Amino acid sequence: KVQILNRYVSAAADVLAQETGGPITRRALEMEANPYTTDEVTSIVGVSGAFAGSIYLTMSEKTALGGVSIMLGQETTLFDELAQSGISELANVVAGSASVALSNDGYVTDITPPILVVGSGARLSSADIQRLVVPIETVAGTIKVHIALREAA
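The structure contained in this document is the topic of the report that follows.

Analysis parameters
- Residues numbered from 1 in each chain as written.
- Predicted model: local features only at pLDDT ≥ 70, side-chain atom pairs only at ≥ 80, totals over all residues.
- Heavy atoms only, no water.
- Phe/Tyr/Trp six-rings, centres within 6.5 Å; stacked < 30°, edge-to-face > 60°.
- Helix = DSSP H or I, 4+ residues; strand = E, 2+ residues; numbered from the N terminus.
- Buried < 20%, exposed > 50% of the residue type's maximum accessible area, 1.4 Å probe, protein only.
- Core = buried A, V, L, I, M, F, W, Y, C linked by side-chain atoms within 4.5 Å.
- Contact = heavy atoms within 4.5 Å.
- Expected span 1.5 Å × (residues − 1).
- Axes fitted to C-alpha atoms, helices over the stretch in contact; angles between N-to-C directions.
- Parallel < 35°, antiparallel > 145°, perpendicular 65-115°, else oblique.
- Nonpolar A, V, L, I, M, F, W, Y, C, P; charged D, E, K, R; others polar.

Glancing now at the packing of aromatic side chains. Tallied over the entire structure, the rule returns two aromatic pairs. Between Tyr36 and Tyr56, the ring centres sit 5.9 Å apart and the planes meet at 40°, which makes this aromatic pair tilted. Note that Tyr36 is positioned in strand β3 (residues 36-37) and Tyr56 in strand β5 (residues 51-59), a separation of 20 residues in sequence. Of the two residues examined, Tyr36 and Tyr56, each falls in the buried class. Ring geometry for Phe51 versus Tyr107: centroids 5.1 Å apart, planes at 50°, classification tilted.

Counting residues in hydrophobic clusters, the biggest one holds 35 residues, and the most contacted among them are Tyr8, Leu57, Ile87 and Ile147. Per-element accounting of this core gives the leading share, nine residues, to helix α1 (residues 2-20). Setting aside chain neighbours within four positions, we find Ile87 in contact with Val41, Ser43, Met59, Ala64, Val68, Phe79 and Leu116. Counting five residues, the second largest nonpolar core, distinct from the first, contains Tyr36, Tyr56, Val117 and Leu124.

Between the first and last C-alpha of helix α2 (residues 61-72) there are 16 Å, a value that for twelve residues agrees with the 16 Å anticipated at 1.5 Å per step. Every buried residue belonging to α2 is among Thr63, Ala64, Leu65, Gly67, Val68 and Ser69, and all of these are buried. Its buried side turned inward, α2 meets β4 (41-49), β5, α3 (81-104) and β10 (141-151). Taken from the residues just after α2, Gly73 is the one with a positive phi, measuring 75°.

It is the contact of α2 with α3, at a shortest axis distance of 10 Å, that shows an interaxial angle of 90°. Comparing their axes, α3 and α2 come out roughly perpendicular. Seen from α2, the contacting residues are Ala64, Leu65, Val68, Met71 and Leu72; seen from α3, they are Leu82, Ala83, Gly86, Ile87 and Leu90. A class-by-class count of the residues in the contact of α2 with α3 yields nine nonpolar, one polar and no charged.

Below is the structure:
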């Protein structure tokens, strides 16, 4: 449903604009087949309840470091535990914001703690759930929002 997709994309756009302190630009929606080969940094949050599946935020390490530097207010050059925590929390806030908006629409969802995959080349599959992907341009670089959800049975 477009309404569900828009809740996640709007949450991501709002959170990314707020956290990076700059303008964002949403690019065109893409539909992608599985499996997905990870970018350098991929943060995954599981979704259950009215919908089942997951959302991913994917980006280069350079974009991740740029975003964390802005969020912390100081240059970050190593993708260490603090930087990893910052990117994980970013995905958590996006998923949480979307869950609140969906709740207001009458859809109750729960989210899992984020999982962070560091390093490109891992193959992730959302099984039989098609992924919708929206690239968002930020001042730190491009962050792709992957949405792989279906209505729960």
